[in-house]
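Spelled out from the first residue to the last, the chains are:
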Amino acid sequence: MRVVVDTIKGGDRRARYLGAGLVVLAAGFLLTGRWQLALGVGVGALLGWVLSEPVRITWAVFVVAFAVPVTIDPGYPTNPSYTLLLVLFVLAAWGRVLRAERDGWPPRALAAVLVLPTCAVLAGLVHWHGAKPVVVGVAPLLCFGVLGWHLVEEARHDRRTILRIAEALTWFSVAVALFAKYQTVSRTWPIFDQFAYDWTYTSAFDATRAVGISGHPIIYGTFAMAMALVALTVRGRFWYVPVAANLAGLVLSGTRSAWVGMILALGCWLFFQWRRATWRGLGGALAIAAVAGALVAVDPSGLLPTATDPTSTAQSTATPAAPASSPPAPASSPTVPASGPAAPPSSPTAPASSPAVPASSPAVPPSSPAAPTAGSPDSVDVAGSRISDPASADARFTRISVVWAGITHDWSTVVFGNGPEANVRYLENVGIGDGQAQVFDNTYLTFWYNFGLIGLACLLAMLVLLYRHLRSLPARLLLVAFAAQIFFFDVWLWLGAVAVLLLAVALGAADDRSLSARTVPAPGPRRPEAAADDAVAPDARALPGRRR
């Protein structure tokens, strides 16, 4: 194994020669006008550089999950969710291969990776609809299991990298929050309006809510919620800046499920920290809330250029007609469609008539950024309307009744579910006739519908065991927020949302000294930096905010 790794890594001189050759090759493709091939060379070189070092793989996992939206399709061989899932699976699996000699392949880790995919296979065997639904239904669960395994093992041995990644993500989220503010002021979603593969992932769907760089307000709300909690608990330098920025982004997203998750997580934080509460801390919390409120309420639209071409303005503000198989476009009022995110395509080869499947060409309205008008609703009014709008509750009650009828069809559907991808088959062939997004909007009920009570019990047991054994405060708050939010939407193909769970697992493993105590010694001489890490006192290596 070590010979294979050394061969791939190569020496410094070999790496320089290889890099120079790739630059020449890419330049040659550019000179001949084949920019796609030049881009392929660049992406391949970057992927090879990342795969040569497990630490880079850990960074790349979070960068891909949080920063690469699945609502944009630049020409992937299959739909974006499955393409990026494959990339993440390759990264994590190769990271485990690189560490195989040092860590071994522990049976408990393998069992944790395989428990949910096994439930999916069992449901597929009981209600057989062919091998393809089983493969498509198992693939995301297996990928996330391998990712979690990789992150736990890396956190056990190198907690400082996990902390650096967490802090870097919080500062990255500040820039995303500023971009989200621009989206709500300009009433456009730059980049996503031009490159999204479906109109529901553009500002034509609802320009009053921010999407950050995720392409959907619910997924951005999840990201803002997680980054605010990480900044609050990890407490890097100037931690209050990302906390305030992400609280503002959370409001701008209009994501009520993330608001619920945030409130519950903050309640847990107050419960764990109430003995340390001081008047100074209360004043700081009020100051952060005031700054976040100001960021939401401020309207810098006067600083933006005004549109002078009435033709382009009329074109950009017009809402396009939705495709016949998709939910109708919302009206121009600040009221938002009730249902949750239309899930990315669940099957790479599903029929094109499904509203969740990308068309062969982007179904995006021809638009250019329009200047904000004087009659545009402000962000505070939009957030208030999200609280008072009852349509979302009605839509979710409708979905609960539909899902429950499918679950309780007979004893086998209660215990084993209807099989992998059963929700996709129902939504494509029958559907929910309320004009909302064609999703069940509840991860727990969807899991039960597909994989039965056995699968649901395993999912709940996994969340409970993670909360019990990962005792760091950041991990527990993220788990509480994530577990609460996924009650309101289907999560598995939204990488930016599942990455919140992965980040919680990584932070929890980094602070679990019982895991670190079971480290398998690496063969050969120890690295000096590893010896320095071991010399740090156990209390000094604990994450800030951990319960003692």
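Note that the coordinates shown come from a computational prediction; the quantities given were computed from them, not determined experimentally.

Enquirer: Looking at this structure, I do not really get the overall build of the chain. What am I missing?
Expert: Helix and strand counts for the chain stand at 24 helices and zero strands. Buried positions account for 50% of the 548 residues belonging to the chain. Accessible surface for the chain amounts to roughly 25200 Å². Of this, 68% is attributable to carbon and sulfur atoms.

Enquirer: What am I meant to see in unusual backbone geometry here?
Expert: Excluding glycine, residues mostly carry a negative phi; peptide bonds, for their part, are mostly trans. Here the phi dihedral of Arg235 falls at roughly 60 degrees; this positive angle occurs in a residue that is not glycine. Looking at where Arg235 falls in the secondary structure, it is placed in the loop between helix 11 (217-234) and helix 12 (240-253). Since its relative accessible area comes to 36%, Arg235 is described here as partly exposed. Although it is not a glycine, Glu421 adopts a positive phi angle of roughly 65 degrees. Within the secondary structure, Glu421 is located in the loop between helix 18 (411-416) and helix 19 (422-429). When its relative accessible area of 11% is taken as the criterion, Glu421 is described as buried.

Enquirer: Please clarify how the environment of Leu473 should be interpreted in this entry.
Expert: Mapping Leu473 onto the fold places it in helix 21 (residues 473-485). Through-space distance from the C-alpha of Leu473 to that of Val234 is 8.7 Å; in sequence the pair is 239 residues apart.

Enquirer: How do you make sense of helix 8 (residues 131-157) when you look at a structure like this?
Expert: Helical geometry note: an α-helix holds 3.6 residues per turn, so side chains three or four residues apart project in the same direction. Taking 1.5 Å of rise per residue, the 27 residues of helix 8 would be expected to cover 39 Å, and the 39 Å separating its terminal C-alpha atoms lies within 8% of that figure. Approximately 30 degrees is the largest bend angle found in helix 8, and it occurs at Ala139, with the proline Pro140 only one to four residues beyond. A large share of helix 8 lies buried, amounting to 21 of its 27 residues.

Enquirer: How do you make sense of the confidence of the model for the chain when you look at a structure like this?
Expert: Predicted coordinates in regions of low pLDDT should not be interpreted in detail. Looking at the chain, the pLDDT average stands at 76 and 72% of residues meet or exceed 70. Note that residues 517-548 has pLDDT below 50 and, in this model, 46 contacts with residues that lie over four places away or in other chains.

Enquirer: Explain the pattern of salt bridges to me, please; I cannot follow it from the model alone.
Expert: For side chains bearing opposite charge, pairing can occur when the charged atoms are close. Here the structure, examined in full by the defined rule, presents three salt bridges. For Arg99, the salt bridge goes to Glu154, with nearest N and O atoms at 3.0 Å. You can see Arg99 sitting in the loop between helix 5 (80-98) and helix 6 (100-103) and its partner Glu154 sitting in helix 8, a full 55 residues away along the chain. As far as the burial class goes, Arg99 and Glu154 line up, both buried. In this structure, Arg156 and Glu153 form a salt bridge, with 2.9 Å as the shortest nitrogen-oxygen distance. Taken together, the residues span about one helical turn, with Arg156 and Glu153 both in helix 8 at a distance of three residues. Neither residue differs from the other here; Arg156 and Glu153 are each classed as buried. Look at the salt bridges and you will find they share partners, linking Arg96, Arg99 and Glu154 into a network.

Enquirer: Would you mind showing me how to read the packing of helix 4 (residues 54-67) against helix 5 here?
Expert: Think of two packed helices as two axes; the pair is described by the angle between the axes and how far apart they sit. Between helix 4 and helix 5, the shortest axis-to-axis distance is 9 Å and the interhelical angle comes to 160 degrees. In terms of their interaxial angle, helix 4 and helix 5 are classed as roughly antiparallel. Crossing angle aside, the handedness with which helix 4 passes helix 5 is left-handed. From helix 4, Pro54, Ile57, Ala60, Val61 and Val64 reach across to helix 5, where they touch Leu84, Leu88, Leu91, Ala92, Trp94, Gly95 and Leu98. A per-class count over the contact of helix 4 with helix 5 returns 11 nonpolar, one polar and no charged.

Enquirer: Would you mind going over the packing of aromatic side chains with me for this structure?
Expert: Two aromatic rings, taken as a pair, are described by how far apart their centres are and by the angle between their planes. Per the stated rule, a full pass over the model turns up 17 aromatic pairs. Ring centres of Tyr201 and Trp494 lie 6.1 Å apart, and the angle between their planes is 85 degrees; this geometry places the pair in the edge-to-face category. With a gap of 293 residues between them, Tyr201 in the loop between helix 10 (192-195) and helix 11 and Trp494 in the loop between helix 21 and helix 22 (495-510) connect regions that are remote in the sequence. Taking the relative accessible area as the measure of exposure, Tyr201 reaches 2% and is therefore buried. A centroid spacing of 6.1 Å and a plane angle of 50 degrees characterise the contact between Tyr426 and Phe440, whose relative ring orientation is tilted. Pair noted here: Tyr426 is in helix 19 and Phe440 is in the loop between helix 19 and helix 20 (443-469), with a separation of 14 residues, a long-range link. According to the relative accessible area criterion, Phe440 is buried, its value standing at 3%. One cation-aromatic arrangement involves Arg235 over Trp239; the distance from NZ or CZ to the ring centre is 3.9 Å.

Enquirer: In this structure, what is going on with the packing of helix 8 against helix 22? I would like to understand it.
Expert: One can describe the packing of helix 8 onto helix 22 by two numbers: an axis separation of 8 Å at closest approach and a directional angle of 30 degrees. Looking at the two axes, helix 8 sits roughly parallel to helix 22. Taken as a pair, helix 8 and helix 22 cross one another with a handedness that is right-handed. Residues Phe144, Leu147, Gly148, Leu151, Val152 and Ala155 of helix 8 form the contact with helix 22, whose own contacting residues are Leu495, Val498, Leu502, Val505, Ala506, Ala509 and Ala510.

Enquirer: Help me understand the environment of Ile454, please; the structure alone is not making it clear to me.
Expert: Along the chain, the position of Ile454 falls in helix 20. Considering only alpha carbons, one finds Ile454 and Ala123, 331 residues apart in sequence, at a separation of 9.0 Å. Apart from residues no more than four positions distant in its own chain, Ile454 is found in contact with Cys119, Leu122, Val415 and Phe416.

Enquirer: Looking at this structure, how should I read the side chain of Asp198?
Expert: Following the sequence through the fold, Asp198 ends up in the loop between helix 10 and helix 11. Within the buried core, Asp198 has no salt-bridge partner, and the shortest N-O distance to an opposite charge, that of Arg399, equals 14 Å. Within polar-contact distance, the side chain of Asp198 engages the side chain of Thr200 at 2.6 Å.

Enquirer: Hey, could you run me through helix 22 in this one?
Expert: For helix 22, built from 16 residues, the straight-helix expectation of 22 Å at 1.5 Å per residue is met to within 8% by its first-to-last C-alpha distance of 22 Å. Summarising burial for helix 22: 16 of the 16 residues are buried, a large majority.

Scoring rules and cut-offs
- Residues numbered from 1 in each chain as written.
- Predicted model: local features only at pLDDT ≥ 70, side-chain atom pairs only at ≥ 80, totals over all residues.
- Heavy atoms only, no water.
- Helix = DSSP H or I, 4+ residues; strand = E, 2+ residues; numbered from the N terminus.
- Buried < 20%, exposed > 50% of the residue type's maximum accessible area, 1.4 Å probe, protein only.
- Areas by Shrake-Rupley, 256 points an atom, 1.4 Å probe, with all protein chains shown as cover.
- Expected span 1.5 Å × (residues − 1).
- Bend = angle between axes of the 7 residues up to and from the residue.
- pLDDT = per-residue confidence, 0-100.
- Contact = heavy atoms within 4.5 Å.
- Salt bridge = Lys/Arg side-chain N within 4 Å of Asp/Glu carboxyl O.
- Axes fitted to C-alpha atoms, helices over the stretch in contact; angles between N-to-C directions.
- Parallel < 35°, antiparallel > 145°, perpendicular 65-115°, else oblique.
- Left-handed = near helix turned anticlockwise from the far one by under 90°.
- Nonpolar A, V, L, I, M, F, W, Y, C, P; charged D, E, K, R; others polar.
- Phe/Tyr/Trp six-rings, centres within 6.5 Å; stacked < 30°, edge-to-face > 60°.
- Lys NZ or Arg CZ within 6 Å of the ring centre and 35° of its normal.
- Lys, Arg positive; Asp, Glu negative; His and termini not counted.
- Polar contact = N/O pair within 3.5 Å; in protein donor to acceptor, adjacent residues only side chain to side chain.

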